[in-house]
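The lines below spell out each chain.
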Amino acid sequence: MKLLPKSDESECGVVFGNVKVKDKLFMQMTGAAPEVMVGYVDELMDSILTNDDGIANTLYRLEPDMALNALDYAMMHVPSFVDTTMYARFDSAIAHADETMARNYAMIMNDESGMAAELVSTDPLGLRECLMPDISGGMGFTLIDGHLFCADSTVALIFISPDFQTFNSQEGGKLINHLRDCIQQFNDKHPEVEVLMHGAVVESANNASTMKRDIGITIGISLVLILLYLCLSFKSYNIIWQNVLPIIYGTIFALACMYWIKGGMSLMALGVGSVILGVALSYCLHVIVHQRFVGDVEQMLKDEAIPVCLGCLTTIGAFLGLMFTESELLKDFGLFATFALLGSTFFALVFLPHFLNVKDAKHSKKAFKLIDKINNYPYDRNPIIIIALCIIIVVGFIFSGKVQFDNDLKNIGYESEAFKKSQQLYAEKNDHGGVQRYYAVTSTDLDEALDANMAISATLDSLRQSGELINYTPVASLLFQSQAEQERRIAAWQRYWTPEKVAQAMASVKAAAVKNELSPDIFVPFQAMVEAGYEPGNLYESGIVPEGLLCNFIEETDGRYLIFNAPQLSKDKVGEVSDLVAAKPHVVVMDPLYYTGSMISLIHKDFNMALLISSIFVFVVLLLSFRDILISLLAFMPMFLSWYVVQGWMAILGLSFNMINIVISTFIFGIGVDYSIFVMKGLIDRQRQESSKLLEYHKVAIFFSALVLIIVMGSMLFAKHPTIVSISECALIGMISTILITYTLQPLIFHWLMKFPFMKRRVEK
Amino acid sequence: MKKLLTIVIAMLTFAASAQKVEARFTESKFIKATGKTLEAEGTFKLYSADKMEMTYTQPAGDYFKIDGKTLSMNLRGKKSAVDTEKNATVRIQRNTLMNCINGKWEQAATDNNAETSVVEKGGNKVVTLSVKKAAPRGYSKITITYCKSDNFPVELVFEEFNGTVTTYKMANIVKK
């Protein structure tokens with residue numbers, strides 16, 4: 001949720017923050033007869049609960065005493081469960097006492113324990129059927145020996161509520177590993193059954209482990225290859241630590257600053273932020289490469305200090321724009337990137353030169369011959385390249401408006417095959433071909449929430465009756481009522497059960513009993529029940545409903561009560577129904593995507609604003625540095641054009657922006673501005689004839705920097721995690737277009753401008 | 001000192017858990033609704049004022065136990081254990097039964113809002129508790145026959161409002 005901006009308007013921020021129902025873990029067992037799975041579920045859960053760290057509660061069976069306790073509570077508070085609309089059904093039950101009594105007779109005769117006789121003597125008219133239309137059935141579950149199964153009894157269900165938030169990936173990882181170990185041991189003993197699990201915690205843990213593995217493999221291997229290439233090119237192993245040390249320093253500096261300022265940061269921001277270290281590597285390469293050419297630290301610093309500082313400043317400007325967004329993740333990312341760049345640039349310019357060997361100017365002639373060939377090629381004089389690049393840019397411009405922004409956060413998460421299978425199985429067995437949505441009524445006052453819930457239940461129930469919902473049982477409103485509502489219901493009960501009505505019902509019952517060969521004298525408990533006096537109760541605090549079950553209906557989080565309703569509806573109705581329900585007071589749609597649609601649009605808008613701020617900042621810095629508007633515009637051009645190329649070509653290639661890769665585009669601007677500053681500085685110096693070699697040196701550094709980043713980004717295309725792949729796609733298009741524009745159009749326009757004497761004078765002065 | 005206390009506590013615990021009374025019992029449950037009578041029998045054991053168990057030999061496997069606040073039973077294979085703190089009806093039934101067995105029938109009468117009568121019959125004391133007002137659950141009348149010599153119940157009759165009457169008869173009573 002750190003990805004999303006904080007919302008002051010709705011209660012969803014408060015609700016989503018700590019609500020436990022969204023963190024529920026679903027475990028399913030299938031592949032054996034239900035009677036066998038009852039024992040298996042107990043065995044698996046016994047093994048899981050040997051270590052219940054991270055588990056708040058579980059729900060997989062209802063203890064036998066729960067039914068007895070619930071019955072006892074119900075008998076003591078019968079009127080509280082009777083909605084006033086039910087009295088019409090009571091009238092009908094009295095009128096049809098004969099039919100009910102025939103069923104009672106069969107039930108009593110088939111029972112050897114005497115329990116059926118007790119039930120019939122208390123409820124001869126079957127009023128319980130009017131009150132509770134099978135709550136467990138309404139929830140879509142079947143109970144077998146007290147254990148929860150799906151409606152067709154083929155899948156045993158286990159619900160685990162963690163005692164931490166989903167986004168606590170450390171705790172989530174521990175719990176999921178424990179569960180996987182238990183499932184593995186269980187499957188070794190019982191290979192015939194399959195145990196599947198899904199839920200936000202599983203998804204989060206899968207995401208974290210996949211991201212770690214992907215980054216470890218792709219970036220790790222590519223960095224090793226790159227460092228080897230650098231070692232061979234420069235004929236020195238020192239190049240490794242000379243590159244790595246500033247980055248380590250920058251990372252530690254950034255983490256320390258984040259801790260100092262914020263006390264912590266989002267792990268995802270750290271993961272995405274690690275890509276920024278590629279920019280830091282670019283600065284180190286400029287320092288090291290230049291040193292290798294000039295062999296003089298002082299000279300190197302004279303040549304490199306300004307462009308490196310300028311590059312760092314403009315890149316920081318690009319990232320600092322993110323500080324103006326409302327998203328905590330984007331802010332974390334912007335701040336981390338800023339400090340990481342500051343730290344590594346400071347190290348590269350202040351500490352690193354002390355360790356550089358002044359006489360060390362070795363490099364592989366073969367490798368550099370190739371680099372020189374690539375760098376010195378006159379791209380700006382090749383009409384084919386120029387025309388091709390212009391076409392790429394124009395096409396990019398044309399299609400830039402068509403790039404899609406993927407609002408669905410699910411698409412940036414990784415879902416394993418087993419996870420998808422578990423989700424599909426659950427939906428197939430329990431969601432009646434639709435999807436389940438949670439709507440929560442929330443208030444700091446339980447009674448207020450309960451009253452509001454009655455209204456929502458009525459709305460949802462009318463939607464069910466009109467066919468808008470596939471299935472809905474208002475379990476929460478059937479079980480839990482406010483004190484005031486209970487008092488109203490008790491009064492209604494007393495108004496209904498007048499002495500005349502009691503006499504009429506008793507006469508009807510006794511006559512039906514005689515007709516069905518049952519004793520007419522056994523119904524004293526029924527009469528006592530309808531004539532008794534009642535007081536409101538508090539089922540929520542009674543301790544009768546176990547925590548694992550209760551949290552499906554009511555949850556108390558940070559002093560706020562949430563009452564859940566979970567209808568099943570077809571996918572195409574989700575938006576319409578959610579809009580209707582969300583318009584009611586105190587209601588929150590417990591689907592982050594319902595709100596994130598608008599929140600992500602907000603971030604998108606935020607991002608465009610951040611982009612504008614960054615662009616203005618970068619341009620002002622360029623203007624102050626080059627002190628010429630045309631030169632500044634020229635230096636600014638690659639950043640500007642590459643943004644449209646990225647957008648347009650992503651649209652053409654069918655790729656879309658998402659919450660993560662759009663952030664990476666700031667990184668592209670950072671790199672684009674850096675390359676253009678170095679090339680511009682080289683072009684200006686050559687024009688001034690201060691140093692004809694400076695452009696060449698800069699281009700070598702740019703070559704290594706681009707090579708490093710293209711290899712790293714390219715390797716990320718082979719990752720499993722969709723976010724990493726989307727970052728790679730976006731960054732590769734941006735990087736390649738930036739380099740092409742910097743190597744081709746920038747010198748082309750610069751040389752064209754130099755044909756004008758006034759420009760030449762301005763540059764050469 | 002600490003060790004001594006531990007030993008004393010262990011001894012007291014052992015003494016509390018030690019069996020005090022053992023008897024054979026027969027159970028006869030008349031269900032008025034059907035006119036049928038269900039017969040059962042087994043062993044009754046009373047360990048302390050709040051711990052007892054009835055183990056059925058017929059039907060075999062059934063049991064009914066009270067251990068402090070927990071009442072557990074196995075009725076034709078259906079096992080359940082009830083925390084009587086959470087269940088008012090079962091709590092009253094548990095207390096009534098234990099009070100009747102332990103001779104505290106006055107307390108049982110108060111708990112059930114019942115009138116009492118005591119008569120002597122054949123050397124035994126017969127106590128009858130008649131509940132004043134009909135209720136949806138619970139007993140309408142309880143009759144306990146105490147052996148006058150040791151005040152231990154030899155027969156308990158529990159009548160419910162729906163006409164079901166359960167009679168327990170104790171025999172071969174052994175006190176330890």
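Data block above holds the structure.
Asker: Got a minute to help me understand the pairing of strand β5 (residues 155–162) of chain A in this structure?
Answerer: Strand residues, when the strand is regular, have side chains that alternate between the two faces of the sheet. All names here are of chain A. The element β5 is extensively covered by neighbouring structure, given that 7 of its 8 residues are classed as buried. Relative to β5, strand β1 (residues 25–30) runs antiparallel, the two sharing 6 bridges. If you follow Met27 over to β5, its bridge partner there is Ile158. Across 4 bridges, the pairing between strand β2 (residues 55–59) and β5 is antiparallel. Its bridge partner being in β5, Ile55 is matched across the sheet by Pro162.

Asker: Which parts of the structure should I look at to understand the sheet that holds strand β5 (residues 70–75) of chain B?
Answerer: Sheets are built from strands paired through backbone hydrogen bonds, the pairs being either parallel or antiparallel. Residue and element names in this part refer to chain B. Spatially, β6-β5-β4-β3-β2-β1-β11-β10-β9-β8-β7 is the arrangement adopted by the 11 strands of the open sheet, whose pairing is antiparallel. Every other strand in the sheet has two partners, leaving β6 (78–83) and β7 (114–121) as the edge strands with one partner each. Taken over all neighbouring pairs, the strand axes of this sheet differ in orientation by 15° on average, direction set aside.

Asker: When you look at the interface of chain B and chain A in this model, what are you seeing that I'm missing?
Answerer: Reports of interface size often rely on the accessible area that becomes lost once the parts have come together. Across the contact, 26 residues belong to chain B and 29 residues belong to chain A. Those elements that provide at least two residues to the side of chain B that touches chain A are β1 (21–31), β6 and α2 (88–101) of chain B. Split by residue class, the side of chain B that touches chain A holds 12 nonpolar, 7 polar and 7 charged.

Asker: Teacher, can you tell me more about the sheet that holds strand β11 (residues 560–565) of chain A here?
Answerer: Residue and element names in this part refer to chain A. Ordered by their spatial adjacency, 4 strands build an open sheet running β10-β11-β9-β13, and the pairing between neighbours is antiparallel. Looking at which strands have only one partner, the edges of the open sheet turn out to be β10 (554–557) and β13 (587–589). Each strand axis lies, on average, 30° off the axis of its neighbour in the sheet, ignoring direction. Taken together, the 3 bridges between strand β9 (residues 439–443) and β13 define a ladder with antiparallel strand orientation. Each bridged residue has a counterpart across the sheet, and for Tyr439 the counterpart in β13 is Val589.

Asker: Please explain the environment of Ser578 of chain A as it appears in this structure.
Answerer: Inspection of the secondary structure assignment puts Ser578 of chain A in helix α25 (residues 574–582). C-alpha separation for the pair Ser578 of chain A and Met75 of chain A, spaced 503 residues apart in sequence, amounts to 36 Å.

Asker: Even after reading the chapter, I still don't get the pairing of strand β4 (residues 147–150) of chain A, so can you show me in this structure?
Answerer: All names here are of chain A. Two strands pair when backbone bridges link them, and strand β3 (residues 141–144) and β4 are joined in this way by 4 bridges, in the antiparallel orientation. Across the sheet, residue Phe141 finds its bridge partner in β4, namely Cys150. A loop of 2 residues connects β3 with β4, the two strands running antiparallel in sequence, and Asp145 in this loop sits at a positive phi of about 50°.

Asker: I would appreciate a short explanation of the environment of Val193 of chain A in the present structure.
Answerer: You can see Val193 of chain A is positioned in the loop between α9 (169–189) and β6 (194–199). Sequence-distant contacts of Val193 of chain A, defined by excluding residues within four places in its chain, comprise Met29, Thr30, Gly31, Ala32, Met37 and Tyr40 of chain A.

Conventions we followed
- Residues numbered from 1 in each chain as written.
- Chains lettered and ligands numbered in written order.
- Predicted model: local features only at pLDDT ≥ 70, side-chain atom pairs only at ≥ 80, totals over all residues.
- Buried ≥ 20, exposed ≤ 12 C-beta atoms within 10 Å, placed from the backbone.
- Helix = DSSP H or I, 4+ residues; strand = E, 2+ residues; numbered from the N terminus.
- Pairing = 2+ DSSP bridges.
- Axes fitted to C-alpha atoms, helices over the stretch in contact; angles between N-to-C directions.
- Contact = placed C-beta atoms within 7 Å.
- Nonpolar A, V, L, I, M, F, W, Y, C, P; charged D, E, K, R; others polar.

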